[in-house]
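Examination of the molecular architecture
One-letter residues, chain by chain:
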Amino acid sequence: MHKNSYKIKVAFSCDKNFSKSIEELKPFFGFDLSEIQPSNDINSLNSNNQVLIVDSLHAEVFPFEKVLIPKILILKQNEKNSSKDKFNSIIRLPIHFEQFNQTIIDMSQKHQFLKNSIVKVKDYILDKNTRFLKKNENFVKVTEKEMHFIEELNKYSKPLTKDYILKNIWGYSSDTDTHTVETHIYRLRQKIKNQFDDENFIKHTLKGYSF
């Protein structure tokens, strides 16, 4: 195991015995590990870490309603805890080092995948995993090219030209008929209009297409 090869940051808040044991193993984990207290800044916790580990003692005082990252509860064998439904996973001690290490890595990667799959677009949510454009309980399926187009519009504040869209999204040469782009975008706009009754999702001017 090479030290911290996954660049995953994990925060933990546990009793002295567990903290001592985990500190001794830190060089061998596939993630960075830092101890925190329930009183620490929660915004900083959410932005700087991918996973939070706590034991049953700290579980009673942690403000979990503000924690947005996956949470793991450490329990001793046969130990019970009324807060366990607030956690994404439960780890019971004793546990083998490799299993503990892999559990943390798997949870972090799953969280990162889900996080990267959801994109806020105006009043909509673009789910890249399912290729659904959603608003409230309503949704429409988009193609991979349409999804890429929506992402590009969302990324830039200035309009995208037809030439840019041809080369970078639909992968056509610049001498391709520009009506090809117009046809693709017209279909997407119609799809959104029919599903959401929204005629202004994509705007078109002489400068290009934008939100």
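Our subject is the structure that appears above.
Let me sum up the structure you'll find in this document. Since we're looking at a predicted model, the values are computed, not measured. (Residues numbered from 1 in each chain as written. Predicted model: local features only at pLDDT ≥ 70, side-chain atom pairs only at ≥ 80, totals over all residues. Heavy atoms only, no water.)

1. Quick notes on the overall build of the protein
So the rule is basically this: Going along the chain from the N terminus, every DSSP run of H or I of four or more residues is numbered as a helix, and every run of E of two or more is numbered as a strand. Computation of the radius of gyration draws on C-alpha atoms, with the globule rule given as 2.2 Å multiplied by the number of residues to the power 0.38. The contact rule is simple, with two residues in contact once any of their heavy atoms fall within 4.5 Å.
When helices and strands are tallied, the protein shows seven helices and eleven strands. A globule of 211 residues ought to have a C-alpha radius of gyration of about 17 Å, yet the protein, at 23 Å, is considerably larger. Overall, the C-alpha framework of the protein stretches about 70 × 35 × 25 Å when taken along its three principal axes. Contacts spanning at least 24 positions in sequence make up 46% of the contacts within the protein whose residues lie at least 6 apart.

2. As for the pairing of strand β3 (residues 51-55)
Spelled out, the test is: To sort residues, take the accessible area from a 1.4 Å probe on protein chains only and compare it with the maximum for the residue type: under 20% means buried, over 50% means exposed, and anything in between is partly exposed. Note: two strands are recorded as paired if DSSP finds a minimum of 2 bridges between them.
With five of its five residues buried, β3 lies for the most part within the structure. Bridge count between strand β1 (residues 9-13) and β3: four bridges; the pairing is parallel. What sits directly across from V10, in β3, is V51. Where β3 and strand β4 (residues 71-76) come together, four bridges link them in parallel fashion.

3. Description of the sheet that holds strand β8 (residues 132-135)
Within a beta sheet, neighbouring strands are joined by backbone hydrogen bonds and run either parallel or antiparallel to one another. Stated precisely, the cut-off is as follows: Only the contacting stretch of a helix is used when fitting its axis, a line to C-alpha atoms as for every element, and angles between N-to-C directions run 0 to 180 degrees.
In space, the four strands of this open sheet follow the order β6-β7-β8-β9, with antiparallel pairing throughout. The outermost strands of the open sheet, each flanked by one partner alone, are β6 (118-121) and β9 (138-141). Averaged over neighbouring strand pairs, the angle between their axes works out to 25° when direction is ignored. Most of the contacts of helix α4 (residues 97-117) go to β6, to which it runs at about 25°, and overall it touches β6 and β7 (124-127). Where helix α5 (residues 144-155) meets the sheet, its contacts fall on β6, β7 and β8, and the angle it forms with β6 comes to roughly 55°.

4. With respect to the environment of K191
Rules: Counted as a polar contact is a pair of N or O atoms within 3.5 Å, where, for protein atoms, one must be capable of donating a hydrogen and the other of accepting one, and residues adjacent in sequence contribute only when both atoms are in side chains.
Inspection of the secondary structure assignment puts K191 in helix α7 (residues 179-196). Remark: the alpha-carbon pair of K191 and V142, spanning 49 residues in sequence, is separated by 8.7 Å. When near neighbours in sequence (up to four residues on either side) are disregarded, K191 contacts V140, K141, V142, T143 and E146. A polar atom in the side chain of K191 sits 3.3 Å from the backbone oxygen of K141. Only 2.8 Å separates the side chain of K191 from the side chain of E146, close enough to count as a polar contact.

5. What to know about the sheet that holds strand β2 (residues 32-35)
Taking strand neighbours across the sheet as the criterion, the five strands line up as β2-β1-β3-β4-β5 in an open arrangement whose pairing is parallel. Each end of this open sheet is capped by a strand with a single partner; those strands are β2 and β5 (89-93). Between one strand and the next, the sheet's axes are offset by a mean angle of 25°, whatever the strand orientation. The pairing of β1 with β2 spans four bridges and is parallel. Its bridge partner lying in β2, V10 is registered against L33. Those strands touched by α4 are β1, β3, β4 and β5, and its axis lies near 135° from that of β3.

6. As for the pattern of salt bridges
Pairs can form between side chains of opposite charge whenever their charged atoms are close. Note the threshold: Should a side-chain nitrogen of Lys or Arg be within 4 Å of a carboxyl oxygen of Asp or Glu, the pair is scored as a salt bridge.
With the rule as written, the count across this model stands at nine salt bridges. Residues K134 and D127 are paired through a salt bridge, measuring 3.4 Å at the closest nitrogen-oxygen approach. For K134, a relative accessible area of 30% puts it in the partly exposed group. Between K155 and E152 there is a salt bridge whose closest N-O contact spans 3.0 Å. Here E152 and K155 lie together in helix α5, a separation of three residues that amounts to about one turn. The exposure class of K155 is exposed, given its relative accessible area of 54%. Residue classification places E152 among the buried positions, given a relative accessible area of 6%.

7. Quick look at the packing of aromatic side chains
Each aromatic ring pair is specified by the distance between its two centres and by the angle formed by the two planes. Here is the rule we go by: We call Phe, Tyr and Trp rings a pair once their centres come within 6.5 Å, taking the six-membered ring for Trp, and we label the pair stacked below 30 degrees between planes, edge-to-face above 60, and tilted otherwise.
With the rule as written, the count across this model stands at 13 aromatic pairs. Relative to F196, the ring of Y124 has its centre 5.0 Å away and its plane inclined at 85°; by these criteria the two rings are edge-to-face. Remark: F196 occurs in helix α7 and Y124 occurs in strand β7; sequence separation between them is 72 residues. Of the two residues, Y124 and F196, both sit in the buried class.

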